[in-house]
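Working through the structure, step by step
Each chain, written out:
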Amino acid sequence: MTVEAPPARLARVRAWFTTHHIAQLALVVHPLIVVRTGGEYLRLRWAGSADLPALIEPLFISLAAVGALAILNLILYFNRREGWVIALTAVGIAALVAYKLAAMPSLG
């Protein structure tokens, strides 16, 4: 048995699903990534052992890079470059995950 949404609801969703609204969602996601990465850096920094600061320094580099991307996204958004905002957010997330896996394989 399938449940179908009313046609009016689907029309509203399709009307809302524009590059402008997706760019707005990307602008919400990017600062959340900055806060989460910063929190992870601070949590691991004050967690413990003497070897740990050398292991988590790549997080500081990724925090700076993601913060710069968030500022660039904001500038692009206010210059009406919504497509670039979406693309840069996707590339930034993929690069952050790849950098974390490459630079810190022990933290996984």
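Anything mentioned here points back to the structure above.
Let me begin by describing the structure that accompanies this report. (Residues numbered from 1 in each chain as written. Predicted model: local features only at pLDDT ≥ 70, side-chain atom pairs only at ≥ 80, totals over all residues. Heavy atoms only, no water.)

1. Let's talk about the nonpolar core
We apply this condition: For the purposes of this section, nonpolar cores are sets of buried Ala, Val, Leu, Ile, Met, Phe, Trp, Tyr and Cys residues that join through side-chain atoms within 4.5 Å. Exposed residues in this analysis have more than 50% of their type's maximum accessible area, buried residues have under 20%, and partly exposed residues fall in between, with area computed by a 1.4 Å probe over protein chains only. Comment: elements are numbered from the N terminus, with helices defined as DSSP H or I runs of at least four residues and strands as E runs of at least two. Residue contacts are defined here by distance: any two heavy atoms, one from each residue, within 4.5 Å place the two residues in contact.
Formed by Ala23, Ala26, Leu27, Leu76, Tyr77, Val85 and Leu88, the largest nonpolar core amounts to 7 residues. Looking at this core, the elements with two or more residues in it are α2 (19–45), α3 (52–78) and α4 (82–103). With 3 residues, α2 is the largest single contributor of residues to this core. In contact with Ala23, other than residues within four places in its own chain, are Tyr77, Glu82, Val85 and Ile86. Counting 5 residues, the second-largest nonpolar core is a separate cluster that includes Tyr41, Leu44, Ile56 and Leu59.

2. As for unusual backbone geometry
Positive phi outside glycine occurs at Arg80, with the angle close to 60°. Within the element layout of this structure, Arg80 appears in the loop between α3 and α4.

3. Let's talk about the side chain of Asn73
With respect to the secondary-structure elements, Asn73 resides in helix α3. Once residues lying within four places of it in the same chain are set aside, the contact partners of Asn73 are Leu27, His30, Trp84, Val85, Leu88 and Thr89.

4. Description of the environment of Ala68
Take Ala68: it is sitting in helix α3. Residues Ala68 and Val34, 34 residues apart in the sequence, show an inter-C-alpha distance of 9.7 Å.

5. Some thoughts on the environment of Trp16
Positionally, Trp16 belongs in helix α1 (residues 7–16). By relative accessible area, Trp16 is classed as partly exposed at 38%.

6. Considering α4
Selection criterion: Expected helix span is computed as 1.5 Å times (number of residues minus one). In this description, the arc belongs to the directions extending from the helix axis to the C-beta atoms.
Between its first and last C-alpha, α4 extends 31 Å over 22 residues, near the 32 Å set by a 1.5 Å rise per residue. Regarding α4, the residues found buried are Glu82, Val85, Leu88, Thr89, Gly92 and Leu96. The buried residues of α4 occupy an angular sector of 105° when the element is viewed end-on, so they sit on one face. Turned more than 90 degrees away from the buried face of α4 sit Trp84, Val91, Leu101 and Ala102, all of them exposed.

7. Observations regarding the packing of aromatic side chains
To be explicit about the condition: Only centres within 6.5 Å qualify two rings of Phe, Tyr or Trp (six-membered ring in Trp) as a pair; their planes then separate them into stacked at under 30 degrees, edge-to-face at over 60, and tilted for everything else.
Inspection of every chain in the model, using the stated rule, returns 1 aromatic pair. With centroids separated by 5.3 Å and ring planes inclined at 75°, the aromatic side chains of Tyr77 and Phe78 adopt a geometry described as edge-to-face. Look at Tyr77 and you get buried, because its relative accessible area is 11%. Under the relative-accessibility criterion, Phe78 is labelled exposed at 61%.

These results come straight from atomic positions and should not be treated as a statement about function.
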